[in-house]
Amino acid sequence: MAKWKQYELWVQTGENKWEMVGVFPNPELATAVANSRNTRSRLIEVLYDGSKLLGQEVVAELGSGRREP
C-alpha cells in the first residue's frame, strides 16, 4: 500500500473542546484557512498507509484564543 499524508485543521470551541474544521491535501491551504479564523487552531499532519492510520502530529498551533468583537 502507498503511504500518504493529509492535514486536518482543528479549532478550539471550549476550554478543553476541539472541533475539526476540515481536511486538506497540503499544509499551505490548511494554514491559509486557519489564519482566516479568529479562534485558536491546530494543524495536524496525519500519515496513512493505504487506509491504515500510522500516526498523527501537531505541526502548528495558531492563534491565542477567542477575540472579542
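The rules we used
- Residues numbered from 1 in each chain as written.
- Predicted model: local features only at pLDDT ≥ 70, side-chain atom pairs only at ≥ 80, totals over all residues.
- Heavy atoms only, no water.
- Core = buried A, V, L, I, M, F, W, Y, C linked by side-chain atoms within 4.5 Å.
- Buried < 20%, exposed > 50% of the residue type's maximum accessible area, 1.4 Å probe, protein only.
- Helix = DSSP H or I, 4+ residues; strand = E, 2+ residues; numbered from the N terminus.
- Contact = heavy atoms within 4.5 Å.
- Pairing = 2+ DSSP bridges.
- Axes fitted to C-alpha atoms, helices over the stretch in contact; angles between N-to-C directions.

Participant: So what about the nonpolar core? Which residues, and what values?
Facilitator: Counting six residues, the largest nonpolar core is built from Tyr7, Leu9, Phe24, Ala30, Ala34 and Leu43. At the level of elements, β1 (3-14) and α1 (27-35) are the ones that each hand at least two residues to this core. Those residues in contact with Ala30 that lie beyond four places of it in its chain are Tyr7, Leu9, Phe24 and Leu43.

Participant: Tell me about the sheet that holds β1, and please be specific about residues and values.
Facilitator: Backbone-to-backbone hydrogen bonds pair the strands of a sheet. The strands run either parallel or antiparallel. In spatial order, the strands read β2-β1-β3-β4; together these four strands make up an open sheet with antiparallel pairing. For this open sheet the edge positions go to β2 (17-24) and β4 (52-62), each flanked by a neighbour on one side alone. Looking at each pair of strands side by side, their axes are set apart by 30 degrees on average, direction ignored. The sheet strands contacting α1 are β1, β2, β3 (41-49) and β4, and the helix crosses β1 at an angle near 10 degrees.

Participant: If you had to explain the pairing of β3 to someone new, which residues and values would you point to?
Facilitator: Where β1 lies against β3, nine bridges are found, and the strand directions are antiparallel. Paired with Lys5 across the bridge in β3 is Leu47. As paired strands, β3 and β4 are joined by nine bridges and run antiparallel to one another. When the sheet's bridge partners are listed, Leu47 is paired in β4 with Gly55. Between β3 and the antiparallel strand that follows it, β4, lie two residues; Gly50 among them carries a positive phi value of about 65 degrees.

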